[in-house]
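Geometric and topological summary
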Amino acid sequence: MTQPEKDEKILRTFITVYCKKEHGTEELCDDCCDVLDYALNRLKKCPLDPKPMCKNCPVHCYKPEYRAKIKTIMKKAGITLILRGRLDLLWHYFF
Ligand code: SF4
Ligand SMILES: [Zn+2]
């Protein structure tokens, strides 16, 4: 798997876990869909090659409002995944 593919998988997993827990939905709610779309779009347009993990990125291309959202999502979903013993998914947080 390439780094962008890994990043996409992590983003989808974390946002899905977060939405289910915080918004009680089976499918992603509109807000979380919006964040996921935004993040996938950033990923696609990432100017760095090779791409670092976003959390180690010197550019930080996200708008502040989205960066704040994704940070919250990664933190809350990360805690849930730790509690479920899914340490395999936590080799890094995104932000
Ligand atoms: S934050 Fe950095 S690594 Fe992540 S997508 Fe934007 S430019 Fe690329
Ligand atoms: Zn949601």
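From a predicted model like this one, the values you see are computed outputs, not experimental measurements.

Calculation criteria
Residues numbered from 1 in each chain as written. Chains lettered and ligands numbered in written order. Predicted model: local features only at pLDDT ≥ 70, side-chain atom pairs only at ≥ 80, totals over all residues. Heavy atoms only, no water. Helix = DSSP H or I, 4+ residues; strand = E, 2+ residues; numbered from the N terminus. Axes fitted to C-alpha atoms, helices over the stretch in contact; angles between N-to-C directions. Parallel < 35°, antiparallel > 145°, perpendicular 65-115°, else oblique. Contact = heavy atoms within 4.5 Å. Nonpolar A, V, L, I, M, F, W, Y, C, P; charged D, E, K, R; others polar. Salt bridge = Lys/Arg side-chain N within 4 Å of Asp/Glu carboxyl O. Buried < 20%, exposed > 50% of the residue type's maximum accessible area, 1.4 Å probe, protein only. Core = buried A, V, L, I, M, F, W, Y, C linked by side-chain atoms within 4.5 Å. Expected span 1.5 Å × (residues − 1). Arc of directions from axis to C-beta.

So, about the environment of Val 59. Of note, Val 59 is situated in the loop between α2 (30-44) and α3 (64-83). Taking the C-alpha atoms as reference points, Val 59 and Pro 47, separated by 12 residues in sequence, lie 9.1 Å from one another.

Interaxial distance between helix α1 (residues 3-23) and α2 falls to 10 Å at its minimum, and their mutual angle equals 170°. Relative to α2, α1 is oriented roughly antiparallel. Contacts between α1 and α2 involve Pro 4, Asp 7, Glu 8, Leu 11, Arg 12, Ile 15, Tyr 18, Cys 19 and His 23 from the former and Cys 32, Val 35, Leu 36, Ala 39, Leu 40 and Leu 43 from the latter. In the contact of α1 with α2, the residues fall into 11 nonpolar, one polar and three charged.

This part takes up the pattern of salt bridges. The full count for this structure, using the stated rule, is five salt bridges. Where Lys 51 meets Asp 7, a salt bridge forms, and the shortest distance between an N and an O atom there is 2.5 Å. Of the two residues, Lys 51 is situated in the loop between α2 and α3 and Asp 7 in helix α1; the sequence distance between them amounts to 44 residues. The pair Lys 51 / Asp 7 is uniform in exposure class, with both members buried. A salt bridge links Glu 26 to Lys 20; the shortest N-O distance between them is 3.9 Å. By relative accessible area, which is 66% here, Glu 26 ends up exposed. Overall, the relative accessible area of 41% leaves Lys 20 in the partly exposed class. Taken together, the salt bridges that share partners define one network made up of Lys 21, Glu 22 and Lys 76.

Next up on the list: the nonpolar core. Within the largest apolar cluster, 22 residues are counted, with the highest numbers of intra-cluster contacts made by Leu 11, Phe 14, Ile 15, Cys 32, Val 35, Tyr 62 and Ile 70. Sequence-distant contacts of Ile 15, that is, excluding residues within four places in its chain, are made with Leu 28, Cys 32, Val 35, Leu 36, Ile 70 and Ile 73.

A rise of 1.5 Å per residue sets the reference length of α3, with its 20 residues, at 28 Å; its end C-alpha atoms lie 29 Å apart and thus fit the reference within 8%. Of the residues making up α3, those classed as buried are Tyr 66, Ile 70, Ile 73, Met 74, Ala 77, Gly 78, Thr 80 and Leu 81. Down the axis of α3, the buried side of the element spans an arc of 160°, and every buried residue falls inside it. Projecting away from the buried face of α3 at angles above 90 degrees are the exposed residues Pro 64, Lys 75 and Leu 83. Lining the buried residues of α3 we find α1 and α2. The first or second residue beyond α3 is Gly 85, which carries a positive phi of 75°.

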